[in-house]
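If you want the building blocks of each chain, they are given just below.
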Amino acid sequence: MVGVTSNTMQSTMQALAMSASRKNVSRNFKEAFARVLLNETGVTLSAGAVSQESMDRELQMALRLAGYSGDTAAGAADAGPPDESNKVGTWSDDAEELMKLVQQLGPRNPNLSSEQYLKPFFRHLCLPSLAIRELDDDVARFARLKFLDVSQNNLTCIDNVPPNLKYLKAYNNPISQISCKPTPSLCFLGLGYSKIGSDGLEQAARRFKNLLSLDLCFSEVANFQEVVTPLAPLPKLRHLCLAGSPVGVLPFYRVQVLRWLPQLHVLDGVAAADEEQADVQMLVASSAPLRQRPQTLRFGLQLQKLVGLRRLLEPVAEAILAERSKRAPAEEAAPPAEEEEQDDIVKACASGSLRLKLELPDGTWTETSEYRFRNLEELAAIKAAAGEDGPPPLDEIFLAGVGTPVKEPLYFDLDVGEEGSEVHGEVLQEDGLLRLARWLRKGLVVKFFFREAPPKAPEGEAAAAPPASGGAEGEEGENAAPAPELPEEVDLGGTVLALNAYLWRSGTDVAEEARAAGQLPESPAPWRLEVTDAQVVLTKDFLQPGVQVPPMDSKAAKKANKDDISLLSVVIELHAGDAPPLQEEPPPPVADPKAKAKAKK
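Since this is a predicted model, take the numbers as computed values, not measurements.

Chemist: Just to check I follow, could you spell out the side chain of Ser 213 for this structure?
Modeler: Here Ser 213 is to be found in strand β9 (residues 213-215). Look past the residues within four positions of Ser 213 in its chain and what remains in contact with it is Cys 187, Phe 188, Leu 189, Leu 237 and His 239.

Put into structure tokens, the structure is as follows:
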């Protein structure tokens, strides 16, 4: 008797997938089905004909040999609940029925192993992660199949589907084309996380005219016209999911799609609310045309503060002090008493600077202005004012005054034109909106760099003023001392700000002012995202590439030791309006001499 219990079913499927991945095996549907059938049931497909009369006779014989014929097996009534450990069905809901036949007839029975019998036998099949590269014409032989899942394979095209299929799931495949015959029976099509764009969506709409539900989440659909034109003729379409696709980032996405596809009841998993329906009627009454895609979208980043900076500075401070000890002559006098009171991080990093670098959607990096640390005297005053219970110096810094190198807010006009269009005098080599969607899915990479304060000039020499923040240069003259060579910037670490919330929005973007005016403005109110717990990690722990540093859970943040984490707070805006001015950092507190003297005692 050849059979596999449910305890080993999952591991068998995973082993097949891993084996295919290791060997870089690529199969068509026919080969994948035969392999799964053999591993799950022990049955080897044969091309022989099936005799139903002979098969029925063999089944009756098997029942008689087992001691019963047509009646309940002896003792079955007292057998108790069924043994769930032997339940099968991971790969097919029909597997349990098939295994009963295998137990009665054996896996080598010529009738049972016949393709002519087995392929019409199945109504439900799940064949994910098997490196299937093609849905070959063999799928047409599964005449009774209603449900097929071929997710996480290597499909690039839907070439064929079973003739009476109702549900097709093909998620996580690089599918871009659909070339199968029209299939009126299909009512659900799942092509999320694929490369389906305008052509593929049009092909799907022409072949599956009776769709009730279409899932194209995280696809490459990037224009309202690409959605409305092919889907408007589908009268039965009720559920549509485009979340995560570039089109979902466009202004007034939900109300535009609901306006031009009135047959929809649910968009991106969210039912159209009464408020949205009223907004749709407003658009109908105004006779506003379908919106064209803009050439740019405005993105804004407002830095707030960084808490736990000392954790990032600690390894750098150790290296700086070690280098200083090597350079200092043995006879050098001891440092002043004030410096002795400071900890190593303050000694090494006082008067240094911090700079951030941000990765934009086109892959380029932009840097911010420098944030200059206080000098030793100011840090000593901060420590005295904070007291024993306050945060130590250089642990929490105010970043709301950090902008571009020329001290402008960190607001950017992102190119989102179509491939080949000219934006800002440049021809886009790829679709800008698709590029933006990939960037939002990946997240905004933020890196932190520290620069040690320039070394002090030797006694008797006038020190040249360091460059001002923003790149302004000091005056040059014959008698001016040469500017000291700046130490190299050191990579402290970074974070990835999760932006995927912008790809799956459930609410309307129509403001009350627009409703009162009876028409939509050019841009919606800014999509505002406040991040207070972006965990900044050391460079050695930074995850690259494309893997986000997960935001720290609020409960975990409360339990964690503050010395062990660094958290960045920012405000992010998409469809941003006018940039707010940068904020000035409050001046450092003035140390009370009496309190300082008392602290020394």
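Let us keep going from here.
Chemist: Could you clarify how one ought to interpret the pattern of salt bridges in this entry?
Modeler: Should their charged atoms come close, side chains of opposite charge can pair. This model, assessed by the stated rule, comprises 29 salt bridges. Arg 355 serves as the salt-bridge partner of Glu 489, at 3.1 Å between the closest nitrogen and oxygen. Here Glu 489, found in the loop between β21 (444-451) and β22 (490-497), pairs with Arg 355, found in strand β14 (residues 353-359); they are 134 residues apart in sequence, far enough to count as distant. According to the relative accessible area criterion, Glu 489 is partly exposed, its value standing at 24%. On the basis of relative accessible area, Arg 355 is assigned to the buried category, the value being 12%. What you see here is one network of salt bridges that share partners, running through Arg 355, Glu 367, Glu 370, Arg 372, Arg 451 and Glu 489.

Chemist: Can you walk me through the sheet that holds strand β8 (residues 188-190) in this structure?
Modeler: What links the strands of a sheet is backbone hydrogen bonding, and the strands pair in either a parallel or an antiparallel sense. Strands sit in the order β2-β4-β6-β8-β9-β10-β11-β12 across an open sheet of eight strands; the sheet is mixed. This sheet does not close on itself; its edge strands, each paired only once, are β2 (124-126) and β12 (270-271). As defined by bridge partners, strand β11 (residues 266-267) adjoins β12 across two bridges and the pair is classed as antiparallel. Among the inter-strand pairings, Val 266 is bridged to a residue of β12, identified as Ala 271.

Chemist: Got a minute to help me understand the nonpolar core in this structure?
Modeler: Within the largest apolar cluster, 138 residues are counted, with the highest numbers of intra-cluster contacts made by Leu 231, Leu 240, Leu 301, Leu 306, Leu 497 and Ile 572. Beyond its immediate sequence surroundings of up to four residues, Leu 240 is in contact with Leu 214, Val 227, Leu 231, Val 257, Leu 261, Leu 264, Val 266, Leu 267 and Asp 268.

Chemist: Is there a simple way to explain unusual backbone geometry in this structure?
Modeler: Note on backbone geometry: most residues besides glycine have negative phi, and most peptide bonds are trans. Although it is not a glycine, Phe 252 adopts a positive phi angle of roughly 55°. Within the secondary structure, Phe 252 sits in the loop between β10 (239-241) and α8 (253-260). Residue Phe 252 is classed as buried on the basis of its relative accessible area, which comes to 1%. Here Lys 407, not a glycine, exhibits a phi torsion of approximately 65°, which is positive. Topologically, Lys 407 is positioned in the loop between β17 (396-398) and β18 (410-415).

Chemist: Help me out: how do you make sense of the environment of Ser 113 in this one?
Modeler: Along the polypeptide, Ser 113 turns up in the loop between α4 (95-105) and α5 (115-121). Exposure remark for Ser 113: the relative accessible area of 6% places this residue in the buried category. Along the sequence, Ser 113 and Ala 47 sit 66 residues apart, while their C-alpha atoms lie 8.5 Å from each other. Once you skip the residues sitting within four places of it in the chain, Ser 113 turns out to touch Val 43, Thr 44, Leu 45, Ser 46, Pro 107 and Leu 118. A distance of 2.9 Å separates the side chain of Ser 113 from the backbone oxygen of Asn 109, its partner in a polar contact.

Chemist: I tried to follow the pairing of strand β25 (residues 567-574) on my own but got confused; where do I start?
Modeler: With eight of eight residues buried, β25 lies mostly within the body of the structure. Neither face of β25 is open: one carries Leu 567, Ser 569, Val 571 and Glu 573, the other Leu 568, Val 570, Ile 572 and Leu 574, and all of them are buried. Two strands pair when backbone bridges link them, and strand β23 (residues 527-535) and β25 are joined in this way by seven bridges, in the antiparallel orientation. Note that in β25 the partner of Gln 535 across the bridge is Leu 567.

Chemist: Looking at this structure, I do not really get the environment of Ser 151. What am I missing?
Modeler: Looking at where Ser 151 falls in the secondary structure, it is placed in the loop between β4 (147-149) and β5 (157-158). On the basis of relative accessibility, which here comes to 8%, the residue Ser 151 falls in the buried class. Along the primary structure Ser 151 and Asn 172 are separated by 21 residues, whereas in three dimensions their C-alpha atoms are 5.8 Å apart.

Chemist: Would you take a moment to explain the packing of helix α2 (residues 29-41) against α4 for this structure?
Modeler: Working note: a packed helix pair is described by the angle between its axes plus the distance between those axes. Two elements in contact, α2 and α4, have axes separated by 11 Å at closest approach and are oriented at 60°. For the crossing formed where α2 meets α4, the hand is right-handed. Residue-level contacts link Leu 37, Glu 40 and Thr 41 of α2 to Leu 98, Met 99 and Val 102 of α4. Its residues placed into classes, the contact of α2 with α4 shows four nonpolar, one polar and one charged.

Chemist: Which parts of the structure should I look at to understand helix α3 (residues 52-65)?
Modeler: It helps to recall that an α-helix has 3.6 residues per turn; residues three or four apart then point in one direction. Taking 1.5 Å per residue, 14 residues should reach 20 Å; α3 reaches 20 Å between its end C-alpha atoms and fits that length. Regarding α3, the residues found buried are Ser 54, Met 55, Leu 59, Ala 62 and Leu 63. Buried positions along α3 lie against α4 and α5.

Chemist: Would you explain the packing of aromatic side chains in this entry?
Modeler: To describe a pair of aromatic rings, one takes the distance between the centres and the angle between the planes. Within this structure, the stated rule accounts for 13 aromatic pairs. Taking the centre distance of 4.6 Å and the plane angle of 15° together, the rings of Tyr 193 and Phe 218 count as stacked. Here the residue Tyr 193 occupies a position in the loop between β8 and α6 (198-207), and Phe 218 occupies one in the loop between β9 and α7 (224-231), the gap between them amounting to 25 residues. The side chain of Arg 505 reaches across the aromatic face of Trp 527, ending 4.0 Å from its centre.

Analysis parameters
- Numbering of residues begins from 1 in every chain and follows the order in which that chain's sequence is written.
- A pLDDT threshold of at least 70 governs which residues receive local features in this predicted model, and a stricter bar of 80 or more applies before side-chain atom pairs are shown or counted, although totals over entire chains, interfaces and linings include all residues.
- Hydrogens and water are ignored here; the side-chain numbers use all heavy atoms of the structure.
- Only DSSP runs of H or I covering at least 4 residues are called helices, and only runs of E covering at least 2 are called strands; the numbering of each starts at the N terminus.
- What makes two residues a contact is simply this: any of their non-hydrogen atoms within 4.5 Å.
- Any Lys or Arg side-chain nitrogen found within 4 Å of a carboxyl oxygen on Asp or Glu counts as a salt bridge.
- The buried label applies to any residue whose accessible area, calculated with a 1.4 Å probe on protein chains only, is under 20% of its type's maximum; exposed applies above 50%, and partly exposed to all values in between.
- Any two strands between which DSSP finds at least two bridges are classified as paired.
- The nonpolar core is taken to be a set of buried Ala, Val, Leu, Ile, Met, Phe, Trp, Tyr and Cys residues, with the residues joined through side-chain atoms within 4.5 Å.
- As used in this structure description, the phrase polar contact means that two N or O atoms lie within 3.5 Å; if the pair is within protein, one of them must be able to donate a hydrogen and the other to accept it, and residues adjacent in sequence are counted only when both atoms belong to side chains.
- Think of each axis as a best-fit line through the C-alpha atoms, taken over the contacting stretch in the case of a helix, with angles from 0 to 180 degrees between the N-to-C directions.
- Working rule for handedness: look at the near helix, and if it is turned counterclockwise from the far one by less than a right angle, call the crossing left-handed; if clockwise, right-handed.
- Three categories are distinguished: nonpolar for Ala, Val, Leu, Ile, Met, Phe, Trp, Tyr, Cys and Pro, charged for Asp, Glu, Lys and Arg, and polar for the others, with Gly belonging to the last.
- Expected helix span is computed as 1.5 Å times (number of residues minus one).
- Centre distance within 6.5 Å is the pairing criterion for rings of Phe, Tyr and Trp, where only the six-membered ring of Trp is used; planes under 30 degrees apart are then read as stacked, over 60 as edge-to-face, and the remainder as tilted.
- Both a distance and an angle decide whether a charge sits over a ring: NZ of Lys or CZ of Arg must be within 6 Å of the ring centre and within 35 degrees of the ring normal.

That is the geometry; function is a separate question.
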